[in-house]
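These are the residues of each chain, in order.
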Amino acid sequence: MNLASTASAGTTWPSSFLVVAAVLVSGLLLAGPALHRRYPVAWWLLFGLPVACCRVIRTWRPLMAGCGLAVSRRPALTVVSGLVGKGAPPPQPLVPRFGFIRPTAGGFWLLARLLPGQVPEDFVKAAPAMAEAWGMHAVRVASQKPGTVRITASVTDSLAHPRIPKQRDPVHLLRVAVGALETGAAWVIDLRRIPHWLIVGATRSGKSTLINALVAGLAPQPVALVGVDCKGGMELSLYESRLSALATNREQAVRLLAALVDLTLDRMTVCRAARVRNIWGLPEQERPVPVVVIVDEIAELFLIASRNEKDEAHAAGTALIRLAQLGAALGVFLVVAGQRVGSDLGPGVTALRAQLGGRVCHRVADPGTAEMALGDLDPDALKAAQAITPEQAGTAVLASGDGWERARSHLITEADAEAIAAEYAHLTPHLPELLDAK
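What you see is a predicted model; the values in this text were computed from it and never measured.

## A short note on the overall build of the protein chain
Next, step 1: Summing up its helical and strand segments, the protein chain has 11 helices and 15 strands in all.
Next, step 2: Burial status across the protein chain gives 43% buried among its 438 residues.
Next, step 3: Here the analysis covers contacts within the protein chain between residues at least 6 apart in sequence; of these, 65% occur between residues at least 24 apart.
Next, step 4: As displayed, the protein chain offers around 22,800 Å² of accessible surface, 58% of which is attributable to carbon and sulfur atoms.

## Examining unusual backbone geometry
Keep in mind that most residues, glycine aside, have a negative phi and that most peptide bonds are trans.
Next, step 1: Its identity as a non-glycine residue notwithstanding, Arg 204 has a phi of 65°, on the positive side.
Next, step 2: Summarising the element assignment, Arg 204 is placed in the loop between strand E8 (196-200) and helix H4 (207-218).
Next, step 3: Under the relative-accessibility criterion, Arg 204 is labelled exposed at 75%.
Next, step 4: A positive phi angle, close to 60°, is found at Arg 275, a residue other than glycine.
Next, step 5: Note that Arg 275 resides in the loop between helix H5 (250-274) and strand E11 (291-296).
Next, step 6: In this structure Arg 275 comes out as exposed when scored by relative accessible area, which is 79%.

## Notes on the state of the cysteines
Next, step 1: What the rule picks out here adds up to zero disulfides.
Next, step 2: Just so you know, Cys 53 is unpaired, no disulfide at all, and the nearest cysteine sulfur is the one on Cys 54, 7.0 Å from it.

## Here's the deal with the confidence of the model for the protein chain
Next, step 1: Per-chain confidence: the protein chain averages 83 in pLDDT, with 84% of residues scoring 70 or above.
Next, step 2: Of all helices and strands in the protein chain, the one with the weakest mean pLDDT is helix H1 (residues 2-38) (56), whereas E11 scores best (95).
Next, step 3: In this model residues 3-10 is a low-confidence stretch, pLDDT under 50, and it forms zero contacts with partners more than four residues away in sequence or in other chains.

## Let's talk about the sheet that holds strand E6 (residues 175-181)
Where strands meet in a sheet, backbone hydrogen bonds hold them as pairs that are either parallel or antiparallel.
Next, step 1: Overall, mixed pairing links the 10 strands, which are arranged E7-E6-E15-E14-E13-E8-E12-E11-E9-E10 in an open sheet. One side of each edge strand has no neighbouring strand; the edge strands of this open sheet are strand E7 (186-190) and strand E10 (243-247). Sheet twist, expressed as the average angle between the axes of neighbouring strands with direction ignored, equals 25°.
Next, step 2: H4 rests against E6, E7, E8, strand E9 (224-229), E11, strand E12 (332-338), strand E13 (358-361) and strand E15 (403-409) of the sheet, and its axis sits at about 140° to E6.
Next, step 3: Where helix H9 (residues 367-374) meets the sheet, its contacts fall on E8, E13 and strand E14 (395-400), and the angle it forms with E13 comes to roughly 155°.

## Describing the packing of aromatic side chains
Next, step 1: Overall, the coordinates contain three aromatic pairs when judged by the stated rule.
Next, step 2: Taken together, a centroid distance of 4.7 Å and an interplanar angle of 55° make the contact between Trp 60 and Phe 98 tilted. Taken as a pair, Trp 60 in helix H2 (residues 40-66) and Phe 98 in strand E1 (residues 97-98) lie far apart in primary sequence, 38 residues in all.
Next, step 3: The exposure class assigned to Trp 60 is buried, which follows from its relative accessible area of 4%.
Next, step 4: According to the relative accessible area criterion, Phe 98 is partly exposed, its value standing at 28%.
Next, step 5: Aromatic side chains Trp 60 and Trp 134 sit 6.3 Å apart centroid to centroid with 15° between the ring planes, which places their arrangement in the stacked category. In this pair, Trp 60 is assigned in helix H2 and Trp 134 in helix H3 (residues 120-134), connecting sequence segments 74 residues apart.
Next, step 6: A connected cluster of aromatic rings, assembled from ring pairs, spans Trp 60, Phe 98, Phe 108 and Trp 134.
Next, step 7: The positively charged end of Arg 150 is found above the aromatic ring belonging to Trp 109, 4.0 Å away from the centroid.
Next, step 8: If you follow Arg 192 out to its NZ or CZ, it ends over the ring of Trp 280, 3.9 Å from the centre.

## So, the packing of H2 against H3
For any two helices packed against each other, the geometry is given by the interaxial angle and the distance between the axes.
Next, step 1: Close contact between H2 and H3 brings their axes to 11 Å; oriented N to C, the two are set at 135°. Overall, the two elements H2 and H3 adopt an arrangement that is oblique. For the pair H2 and H3, the crossing hand works out as right-handed. Contacts from Arg 55, Val 56, Thr 59, Trp 60, Leu 63 and Met 64 of H2 reach H3 at Phe 123, Ala 129, Met 130, Ala 133 and Trp 134.
Next, step 2: Grouping the constituent residues of the contact of H2 with H3 by class yields nine nonpolar, one polar and one charged.

## Examining the packing of helix H7 (residues 307-330) against helix H8 (residues 347-355)
Next, step 1: H8 packs onto H7 with a crossing angle of 15° between their chain directions and a minimal axis gap of 9 Å. In terms of axis orientation, H7 runs roughly parallel to H8. Every pair of crossing elements has a handedness; the one defined by H7 and H8 is left-handed. Two secondary-structure elements touch here, H7 through Leu 320, Ile 321, Ala 324 and Gln 325 and H8 through Gly 348, Ala 351, Leu 352 and Gln 355.
Next, step 2: Considering only residue class, the contact of H7 with H8 consists of five nonpolar, three polar and no charged.

Parameters at a glance
Residues numbered from 1 in each chain as written. Predicted model: local features only at pLDDT ≥ 70, side-chain atom pairs only at ≥ 80, totals over all residues. Heavy atoms only, no water. Helix = DSSP H or I, 4+ residues; strand = E, 2+ residues; numbered from the N terminus. Buried < 20%, exposed > 50% of the residue type's maximum accessible area, 1.4 Å probe, protein only. Contact = heavy atoms within 4.5 Å. Areas by Shrake-Rupley, 256 points an atom, 1.4 Å probe, with all protein chains shown as cover. Disulfide = S-S within 2.5 Å. pLDDT = per-residue confidence, 0-100. Pairing = 2+ DSSP bridges. Axes fitted to C-alpha atoms, helices over the stretch in contact; angles between N-to-C directions. Phe/Tyr/Trp six-rings, centres within 6.5 Å; stacked < 30°, edge-to-face > 60°. Lys NZ or Arg CZ within 6 Å of the ring centre and 35° of its normal. Parallel < 35°, antiparallel > 145°, perpendicular 65-115°, else oblique. Left-handed = near helix turned anticlockwise from the far one by under 90°. Nonpolar A, V, L, I, M, F, W, Y, C, P; charged D, E, K, R; others polar.

So this is what it looks like as structure tokens:
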């Protein structure tokens, strides 16, 4: 009797397990579309990523061979798909090895090691084939370090409808989430890490929206905002209630920038007396307020039509370069923006560009501006920026010494920016050093 019961239970257990598994799978399949709509990241991690990993593992060897990235084990033999010599099976070619597949919010990335004789450009050419084989929206290849490339795949175009990531961490000083990266992660501008930025873009490319997002993120923080807008203040006057100073023509800009240089030198004296290397080494109660200088339409500072304007342009350029050289350690940060930035504006622009470690390039009207923004950092980033179309308003390529990414800023309208500036107007620091410059 006991033996019969045991045998019956042993027979029932696998059947029950299969029934439960079938019910769970059916439930997941039915709930999948709703999960995809409401929680796309969870859907991707639960359903999409495992399928994508299987595709990568299954197709990696034939994909490498089909894209010409496989190398024969015999030096004198070229391995051709399906070719058999003297009745023997073809030897398996060597293919680049890849590491762990690491998930992102909207895709994955992995590192691949190059074989001798290969260069990253070989993998860049194979990126469209990878996207097709893996069923991904796009695949981007970037150099990681000598002998290694980073392959990043995106399952959807996260820049078409960027989501605002939830801010779980407390707000950090001088750190603002301004948009979304192509990977689905937050696009964060951290002025403590990269203190000076160059932002370029044609009309309606998204440049002003990015500045709106940056100001909206900095307005609630204990920082001073200073504006230089030589187009009569048409752009930056929106934030005037939150600005500690605003210059609306070149004459005012020269005085304001000179006052900022003096402020920087005064802070240098304080740090030297306290025997610290920057203002962050000072006690918090003695630390001067950080100053973020926003310069809109940099070309207006450098264009000249007379000898007097030439002297003003030279003075403004020299002051900006000095602020860029000294400001990072002394709490003065630059955000320089313009529709057109080229070497034809004079050597001062090129010298200033060298001091601006962060670059953002939207769609531009001339290739020289894109070259000025990204050409000295990464040729792949330059090509990506030149491929931005007028329909991709807000999309940009951002680059620094750490690499480059495609990104899109959140839509912050002019009315939103003006309202945020007015809401936090009471936080505007009073800087007497800049009063004479108005």
